[in-house]
Amino acid sequence: MASDFVSVIKPTAKNLEGNEGANGKQPIPVLPVRDTVLFPHAVLPLTVGRDSSIQLIQSLGEEKSILVVAQRDARQDTPQAADLYAVGTRATVHKVVKMPNQSLFVFTEGNERVHLGEFTQTQPFMVAEFEVIAETEPEKSPETEALQRNVVSQFQQIVTSSPTLSDDLQTIAINIEEPGRLADFISSSLPFLTTTDKQELLETPDVTKRLERINQHLAKELEVQQLRNKIQTEVQDSVQQSQRDYYLREQLKAIQKELGDVDETQKDIAELKEKIEAAGMPDEVKKDALKELARLSRMNAMAADYSLTRNYVEWLAVLPWSKSSAGEVDIKKAKEILDADHYGLRKVKDRILDYLSVRRLKPDMKGPILCFVGPPGVGKTSLGRSIAKALGRKFSRISLGGMHDEAEIRGHRRTYIGALPGQIIQHLKRVEVNDPVFMLDEIDKLGRDFRGDPASALLETLDPEQNNTFRDNYLDQPFDLSKVLFICTANQLDTIPGPLLDRMEIIELTGYTEEEKVNIAERYLVPRQIKENGVDPAMIDFPTESVALVARHYTREAGVRRLEQQIGTVVRKVARKIAEGATEKITITPEVVHEFLGGIKVRVDTEIAERTKRPGVAVGLAWTPAGGDVLFIEANKMKGKGGFTITGQIGDVMKESMQAALTWVRSNAAKFGLEQDFTKDTDIHIHVPAGAIPKDGPSAGVTMATALVSLLTDTPVHPLTAMTGEITLSGNVLPVGGIKEKFLAAKRAGVRDVILPLECKTQVDEDLTPDQIDNVKIHYATRIEEVLAVALPKTVQEEAEDEAVREEVIHASA
């Protein structure tokens, strides 16, 4: 609209005749305007609505000159002199039109730039003096002409590419020769310039600088328009491509329909529907699955969510909601399978057979949650396979060692890219039945970090009262796990959280005796190694005495893993001899064992006999995660001032046991023929080898007291005697744990006499078989005096007999 006025209305002599106030002596009214800047030689329609502004327009007589000045803040309704810019435009009012809403529509034409002077009136409207700002016309030069042409060229490009600007503006700009008028015309015609930008151009009297600033604005706008056009083109191309693909696919569907070809997508959906109908899932789950399938059928196969939805529906369809594997179980046959696969393990086998018996009487019973705890190599994992075989069920093993993300158990939510169900649901899909045997291996080695705590996620899984509605994050549907038989394995219980441990039935698998190891090796390990190493069974003979030699002097463990490795080494050596041309049967004699495996690695029995020669050395029994072990307690004395030194990397509890043992010995010194203040001139040192292994616990209390009494009375303890028990200051012997592991460790070490607290007799009767106790005499004690009576010789003759036994043991093993 402004451009049309510019093209027809130009300053004339008549406009300027009555403007004697142009010299600034005669004040004229000031019209404040919002978000608008009027340039000289431009016509601008203004809407006047303020009372003060309406009074200003109505007060104009023949003199139609006013000062049009922009407000600094457009939000000001009643601007004062300080709220206006200092530079404005003297304008002529050509026409006033009254509007229905009482406002006025005023057509004004700018005449010249002015600088506001003193305000002579502020009410009811402002009147101010002014001073005309003279323009600094540039000299004619190639640089000015080039700048002017460049401005016109860029303005033409913007008008051409803009849908809102009239093409007449190009013609007008080309016909304006004066640089100042050209700059003002373009400034008033550009809608993207802000009020601040226009005011800055109005306040620039130097025409060259004004053209340069306009040139910068035009260049910036051209760049923005080019980017906008590029984006618009890309979007349009993308939309056109999507429409083209859609039409082509619709045509392809129509062609396939005419030819009788089945659409692969519809075929997949039909197959999924059949699977859902046949899955036997609960009604609520089926309803959700069919809802997702219906949504899938309406989706475009190329859509981003298509594959995610299809995977979800497929997971729901393939899970064994109602498919079971268990039928009638023959208890006798199950017992035969367990006995054939594993030697010993009476408690575990009894518990499994009890479960089978109850299940036979009550088929809908909930599966128990068993936890096998024991040292490495005792057959925990392989026992799970045997149980599944005996039950006639599918078996699946989930390794929990090192797992530290709770999503591994419960899965990820479907919103994540690459989301999958957790390990429980994944393994159910693999076994294809809802009542398998699941072995959760190494449950004591679960980790935790910022991604969650898997042990807490297992609380629901391993609770028979809750797992009938187990809800995986990915499926978000309840799945019944109550028919699954969960078997967990662990080396120790300390690291398992209490709430999780409370949900499991703990079954301890302790270490094997030497006789059990030999039986296991002859029945399972030797035949397996012969088969795995490709040796003909007719070419090798592995006698019992050689197996016993390997078990006794080449391994020191509670399980049989290391034993199988050593047997494998022997069999590989035989395989090499056969490969080199040996044709005769090779018998593994003790000499051959020494040749293949080297010298004896473990001398536990001779070690006890040799180390207990000297007074002050006693043999204790310790529990470790790898089974039991023997523990030597050494005491020594020297001249000093009553010092008491403790070494051997021992914990606080064990240090306190040593202090308690010394206190008891000092308080009972008279009983052993010692002076009451025997420590006055003597320093005592107790050491527990091996020094690099951390040790703690109260169970070596009686051993320390025995070692001290042996040292101070100069009496060596009986050879091949070991003991365990906690001591109190009053001399009572208290019970300790891990009796079976400790006893078996003592037997493996060749111990013949074991001293235990009397209250541990129940554990011995329940956990140890007569075969295991055979050849070992157990002494029960309630007081430390009873321990000393068994451990220390009372006469010279007994000491001589002990020395003879030591020599016999040492020479027998030499």
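Please refer to the structure higher up on the page.
### Here we look at the overall build of the protein
So, point 1. From N to C terminus, the protein includes 30 helices and 24 strands.
So, point 2. For 814 residues, the compact-globule formula gives about 28 Å, and the C-alpha radius of gyration of the protein, at 50 Å, lies well above that figure.
So, point 3. The buried share among the 814 residues of the protein stands at 47%.
So, point 4. Of all intrachain contacts in the protein linking residues separated by at least 6 positions in sequence, the fraction that spans at least 24 positions is 74%.
So, point 5. For the protein, the computed accessible surface area is about 40900 Å², with 50% contributed by carbon and sulfur atoms.
So, point 6. The positive charge centre, built from 100 side chains, and the negative charge centre, built from 123, are 4 Å apart in the protein.

### Examining the pairing of strand β23 (residues 753–757)
So, point 1. For β23, the tally of buried residues reaches four of five residues, placing the bulk of the element in the interior.
So, point 2. Of the pairings in the sheet, the one linking strand β20 (residues 721–723) to β23 comprises three bridges and is parallel in character. Bridging across to β23, M723 finds its partner in I755.
So, point 3. In terms of strand pairing, β23 meets strand β24 (residues 777–781) through five bridges, oriented parallel. The residue bridging L756 from the neighbouring strand is Y780, located in β24.

### Details of the side chain of N111
So, point 1. Its location among the elements puts N111 in strand β5 (residues 104–121).
So, point 2. Looking at N111, the relative accessible area reads 9%, which means it is buried.
So, point 3. Of the polar contacts made by the side chain of N111, one reaches the side chain of T92; its length is 2.7 Å.

### Considerations on the nonpolar core
So, point 1. Counting residues in each nonpolar core, the largest one holds 55 residues, and the members touching the most others are L356, F372, I387, L509, L563, I567 and I588.
So, point 2. Per-element accounting of this core gives the leading share, seven residues, to helix α19 (residues 514–532).
So, point 3. Residues in contact with I588, not counting those within four places in the same chain, are I540, D541, F542, P543, S546, V570, V574, V593 and F596.
So, point 4. Counting 49 residues, the second-largest nonpolar core is a separate cluster that includes L272, L400, A455 and L500.

### Quick look at the packing of aromatic side chains
So, point 1. Summed over the entire model, instances satisfying the criterion amount to four aromatic pairs.
So, point 2. Plain terms: the ring middles of W321 and F479 are 4.9 Å apart, the flat faces sit at 45 degrees to each other, and that makes the pair tilted. Taken as a pair, W321 in the loop between α11 (306–318) and α12 (331–341) and F479 in strand β11 (residues 478–479) lie far apart in primary sequence, 158 residues in all.
So, point 3. A cation over an aromatic ring shows up here: R414 above the ring of Y312, its NZ or CZ 3.6 Å from the ring centre.
So, point 4. Just above the ring of W315 sits the side chain of K429; from NZ or CZ to the centre is 4.3 Å.

### Quick word on α19
So, point 1. Along α19, the sharpest change in direction is near 50 degrees and occurs at A521.
So, point 2. Within α19, burial applies to E514, E516, K517, V518, I520, A521, Y524, L525, V526, Q529 and I530.
So, point 3. Those residues of α19 that are buried are in contact with α12, β14 (540–541), α20 (544–553), α21 (561–579), α26 (739–748) and α28 (770–773).
So, point 4. Of the residues one or two after α19, G534 is the one with positive phi, at around 70 degrees.

### Digging into the sheet that holds strand β13 (residues 505–508)
So, point 1. Within the open sheet, the five strands sit side by side as β8-β9-β12-β7-β13. Their pairing is parallel. Both edges of this open sheet fall to β8 (395–399) and β13, since each of them pairs with a single strand only. Recorded for the sheet is a direction-independent mean angle of 25 degrees between the axes of neighbouring strands.
So, point 2. Note that strand β9 (residues 437–441) and strand β12 (residues 485–490) share four bridges and pair parallel. Pairing of F438 across the sheet is with F486, part of β12.

Each value, and the rule that gives it
- Residues numbered from 1 in each chain as written.
- Predicted model: local features only at pLDDT ≥ 70, side-chain atom pairs only at ≥ 80, totals over all residues.
- Heavy atoms only, no water.
- Helix = DSSP H or I, 4+ residues; strand = E, 2+ residues; numbered from the N terminus.
- Rg over C-alpha atoms; globule rule 2.2 N^0.38 Å.
- Buried < 20%, exposed > 50% of the residue type's maximum accessible area, 1.4 Å probe, protein only.
- Contact = heavy atoms within 4.5 Å.
- Areas by Shrake-Rupley, 256 points an atom, 1.4 Å probe, with all protein chains shown as cover.
- Lys, Arg positive; Asp, Glu negative; His and termini not counted.
- Charge placed at Lys NZ, Arg CZ, Asp CG, Glu CD.
- Pairing = 2+ DSSP bridges.
- Polar contact = N/O pair within 3.5 Å; in protein donor to acceptor, adjacent residues only side chain to side chain.
- Core = buried A, V, L, I, M, F, W, Y, C linked by side-chain atoms within 4.5 Å.
- Phe/Tyr/Trp six-rings, centres within 6.5 Å; stacked < 30°, edge-to-face > 60°.
- Lys NZ or Arg CZ within 6 Å of the ring centre and 35° of its normal.
- Bend = angle between axes of the 7 residues up to and from the residue.
- Axes fitted to C-alpha atoms, helices over the stretch in contact; angles between N-to-C directions.

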